[in-house]
Amino acid sequence: MLGRLSLENKVAIVTGAAGGLGAATARLMTARGARVVLADLNFEAAVALAKELPHALPVAMDLGDEASVKALISQTVAHFGRLDILHNNAADLSPETAGRDLDILTMSTDVWDRTFRVNVRGTMIACREALPHLIGGGGGAIINMVSSLALQGHIVQNAYSSSKAALIQMTRSIAASYGPQGVRANSVAPGLTLTPQVAKVFPDAVRHLVQKETLRDRLGEPEDLAELVSFLASEAALNINGQLLVSDGGCTTHVPDIDGYRALGRASAPQ
C-alpha cells in the first residue's frame, strides 16, 4: 500500500526524538517500517517512547559533545548493522539559551557560541560520522531540520536563525559532494509548530501574531513535519537532493501583516 513511501527494513536515526517534532517523526517512520534510533539528551523520555515502538533503540546523546555524537553513530551501526537515514532534528531550545538569544547589540558571546556548537557543529559531526555508512550501504538520506527564521530577519533569536541558515548551506554542500554516491541531503524549514515546547515557551500573543500570517486555518502540528521528513527519507524522493522545503503554512510567501493589507483592500472595495 505504501509503495515507494515505505521505509521497510531501513535504519533511521532521529535526534531530539523524545518529544515534539522528533517523536512524531519517529512514530511515523516506525509505522512505515523503519527501525528507529531515538537519540535525545533526555534519555528517560527516549526510553519511554521506545517502549511504544517496535525495534526502537533509545540512545543518550548530547549534540554539544563530539564524543557523544560519534558514539550515537557507532552504537546504531553496532546494534542494527547499518544506517540508511539520519534526521538531524535536535537543537538547543533550552530556556537558558533561547531566553537570552536576542539581537546582535545585546548578544552574549557565550549564547552565540553555545548555539553554534550545538546546532551547527553538532549536526556537522553527525553528518560526518554517518556519511561513510550511508555511502558504504549504497546511499541514504540526510534530512536536516532548520527553520523558516533562517529565511527572515527577526528582532530576536538572532543566533538561532543564523545557525539554521548555516545548516541550509551545509546541506547543499553535502548533496553536491556525495549525491553521485547515492546520498541525498535536504533541509526542512518549519514555521512555528504547535509542539508541547511551543505551548510552554511561546506566549499566546506571539502565537497569535504568527497565526495571522498563516495561509490556513491553524498553525502546523508535529505530524505535518513528520510526513514531510518521512517522505524525504523514502524512495519516493529519490530525485530530490540539496533542496530546502518550507513547511510554514505559507507564512514566508508574502509581505508581513498580510491581514492589514487585506483589511485595506476590503475598506477600499466598492460598497
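Refer to the structure above for everything that follows.
Below is a summary of the structure that appears in this document. Just so it is clear, the model here is predicted, and its values are computed rather than measured.

1. Focus on the overall build of the protein chain
Along the protein chain, the regular secondary structure elements total 10 helices and 7 strands. Based on the C-alpha atoms only, the size of the protein chain along its principal axes is roughly 70 × 45 × 40 Å. A buried classification covers 47% of the 271 residues belonging to the protein chain. Taking all contacts inside the protein chain whose residues are at least 6 apart in sequence as the whole, residues at least 24 apart take part in 71%. Summing over all exposed atoms, the protein chain offers an accessible surface of approximately 12800 Å²; the carbon and sulfur share of this is 56%. For the protein chain, the distance from the average site of its 23 positive side-chain charges to the average site of its 26 negative ones is 4 Å.

2. With respect to the side chain of Ser 161
With respect to the element layout, Ser 161 can be found in helix H6 (residues 158-178). With near-sequence residues (within four places) excluded, Ser 161 lies in contact with Leu 149 and Ala 150.

3. Digging into the nonpolar core
Core analysis: the biggest nonpolar cluster contains 33 residues, and Ile 13, Val 37, Leu 72, Leu 83, Leu 86, Ile 142 and Ile 174 have the highest contact counts within it. Listing elements by their share of this core, those giving two or more residues are strand E1 (11-15), strand E2 (35-40), strand E3 (57-60), helix H3 (66-80), helix H5 (109-136), H6 and strand E6 (183-190). Residue contributions to this core peak at 7 residues, all from H5. Each residue touching Ile 13, except ones within four places of it in the same chain, is listed here: Val 37, Leu 72, Ile 73, Thr 76, Leu 83, Ile 85, Leu 86 and His 87. Within the second largest apolar cluster, 27 residues are counted, among which are Ala 26, Leu 53, Ala 56 and Val 188.

4. Considering the packing of aromatic side chains
Considering all chains together, one arrives at 1 aromatic pair under this definition. On the basis of an interplanar angle of 20° and a centroid distance of 4.8 Å, the ring pair of Trp 112 and Phe 116 is categorised as stacked. With Trp 112 and Phe 116 both in helix H5 and 4 residues apart, this pair spans about one turn of that helix. With a relative accessible area of 21%, Phe 116 lands in the partly exposed category.

5. A short note on unusual backbone geometry
For His 55, which is not glycine, the phi dihedral falls at a positive 65°. The topology assignment puts His 55 in the loop between helix H2 (43-50) and E3. In this structure, Gln 157 takes a positive phi of about 55° despite not being glycine. You can see Gln 157 is positioned in the loop between strand E5 (140-145) and H6. Judged by relative accessible area, which is 16%, Gln 157 ranks as buried.

6. A few points about the sheet that holds E6
The strand order E3-E2-E1-E4-E5-E6-E7 describes an open sheet built from 7 strands, whose pairing is parallel. The open sheet has two edge strands with one neighbour each: E3 and strand E7 (244-247). Pairs of neighbouring strands in the sheet enclose a mean axial angle of 20°, with direction left out of account. Pairing geometry for E1 and strand E4 (residues 85-88), over 3 bridges, is parallel. Paired with Val 14 across the two strands is His 87, which belongs to E4. Set on the sheet, H2 makes contact with E2 and E3; between it and E3 the angle comes to about 175°.

Criteria and thresholds
Residues numbered from 1 in each chain as written. Predicted model: local features only at pLDDT ≥ 70, side-chain atom pairs only at ≥ 80, totals over all residues. Heavy atoms only, no water. Helix = DSSP H or I, 4+ residues; strand = E, 2+ residues; numbered from the N terminus. Buried < 20%, exposed > 50% of the residue type's maximum accessible area, 1.4 Å probe, protein only. Contact = heavy atoms within 4.5 Å. Areas by Shrake-Rupley, 256 points an atom, 1.4 Å probe, with all protein chains shown as cover. Lys, Arg positive; Asp, Glu negative; His and termini not counted. Charge placed at Lys NZ, Arg CZ, Asp CG, Glu CD. Core = buried A, V, L, I, M, F, W, Y, C linked by side-chain atoms within 4.5 Å. Phe/Tyr/Trp six-rings, centres within 6.5 Å; stacked < 30°, edge-to-face > 60°. Pairing = 2+ DSSP bridges. Axes fitted to C-alpha atoms, helices over the stretch in contact; angles between N-to-C directions.

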